[in-house]
Amino acid sequence: MTFAHRLRPRLVEERASVSPLELFFDLVFVFALTRVTDLMAEDPTGVNLLRGALVMAVLWWSWVGYAWLCNLVRADEGIVRVVMFGAMGAMFITALTIPEAFDDLTGGLDGPVIFALGYFVVRLLHLVMFWVISRTDPQLRGQVLRFAPSMVTGTVFLLIASQLTGTAQTVMWILALAGDYIGTLIGGTDWRLRSISHFAERHGLIIIVALGESIVSIGIGVASLPISWAIIVASLLGLAVSGLLWWSYFDVTSLAVEHAFEKATGARQIKIARNCYSFLHLPMVIGIVMLSLGLKKILSYVGDGNHHRLTDPLYGWPLIALFGGAALYLLALVAFKAYATRSVTVPRVVTAVVLIALLPVVWHIPALATLGVLTAVLLAMIGYEMVRYDQPRDEIRHGAHP
């Protein structure tokens, strides 16, 4: 076997599963999520929550490109394996600079510039790999050419942002993301998909990764504190919230969307992949990261008796992140299912509205009680859906019965 043959990309099979290398790639994304949570938790103001969301959107777009790439060619074969490791390195450096993505720390290299350059390398490797595999596919080659300007636009605006501060810097970040996302939206639907099941599984696993970050936040919040009944109760409630969010995605919704995805053809199939998975999974992940911030704060409240009492309320932006993050996640799930299946899950819309409406109510109650309220609301939603949609749920999960 020649060296050139060993480097040749290999196509993904129609019913492929996510490869171990893709899971390994996601470990860098896990680290990046923890850095975003730390960025917001250090000073949980509205500005820092907005910054955290902007950083998440940049990281997400880096990850999404490789989800599309590895749906065409196997991540663990040929030159693609080398590219994946290169992208991991660039993304890891980008994640390391998240605390300096907006404000450069004293000493060392220019943090905002390194962040922008790391993002550029991740995107460039992705684009070059797509250029290579499209050499015998004029339609895909044309799509890649239409996609390239959005990558250049995003990087240029991030580099400009690295030289600015305050509102002007935030505006440049928003323009960078607008160039990426809007450019993709209007760039056409000539992309290729080889395995629907692989694409759906890939995005489902990243939701598990994000939910894993919420569980890590629970543990980190009390890792150095002596165990107590308050910590045990708060930890179990936090784990229940993460479990209920997992349930709301994987029990029926992801299966219903995947079924519609498999039935779609042509441009409709690409639009479901782009809109339901590439676009609408971002607010889900942002919602989970915001929730993680709230959980981390609550655990530190109930566990650290030297600085807080059990009667202290969670208020301000951490509380908004906790309830607002859960609401954002649910609304993104509603849109995710609605676009693919053309059916709106009304109980989830109602639940999201209830969570926002409860903010003034829980603003002044103990933090542990606030977490109990959130758990109860989500549990009531899941319980209602289990009873109200019992038959369609059974058909989606197990097939229609005669």
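Reading the values: the criteria
Residues numbered from 1 in each chain as written. Predicted model: local features only at pLDDT ≥ 70, side-chain atom pairs only at ≥ 80, totals over all residues. Heavy atoms only, no water. Helix = DSSP H or I, 4+ residues; strand = E, 2+ residues; numbered from the N terminus. Rg over C-alpha atoms; globule rule 2.2 N^0.38 Å. Buried < 20%, exposed > 50% of the residue type's maximum accessible area, 1.4 Å probe, protein only. Areas by Shrake-Rupley, 256 points an atom, 1.4 Å probe, with all protein chains shown as cover. Lys, Arg positive; Asp, Glu negative; His and termini not counted. Charge placed at Lys NZ, Arg CZ, Asp CG, Glu CD. Core = buried A, V, L, I, M, F, W, Y, C linked by side-chain atoms within 4.5 Å. Contact = heavy atoms within 4.5 Å.

The name given to the protein in an unreviewed UniProt entry is Low temperature requirement protein A, and the organism recorded there is Rhodococcus jostii.

When its secondary structure is counted, the protein shows 17 helices and zero strands. In terms of overall size, the protein behaves like a compact globule, its C-alpha atoms giving a radius of gyration of 22 Å where 402 residues would be expected to give roughly 21 Å. With the C-alpha coordinates of the protein rotated into their principal frame, the extents come out at 70 × 65 × 40 Å. Across the 402 residues of the protein, 55% fall into the buried class. Surface accessibility of the protein: about 17200 Å² in total, with carbon and sulfur atoms responsible for 67%. Across the protein, 28 positive and 27 negative side-chain charges occur, with their mean positions spaced 8 Å apart.

Moving on: the environment of Leu50. Mapping Leu50 onto the fold places it in helix α3 (residues 46–69). Between the alpha carbons of Leu50 and Met40 there is a distance of 8.8 Å; along the sequence they are ten residues apart.

The next thing to look at is the nonpolar core. Among the nonpolar cores identified, the biggest contains 132 residues, and Phe29, Val55, Trp60 and Trp173 are the most heavily contacted of them. Tallying contributions element by element places α3 first for this core, with 16 residues. Discounting chain neighbours no more than four positions away, the residues touching Val55 are Val36, Leu39, Ile98, Ala101, Phe102, Phe115 and Trp173.

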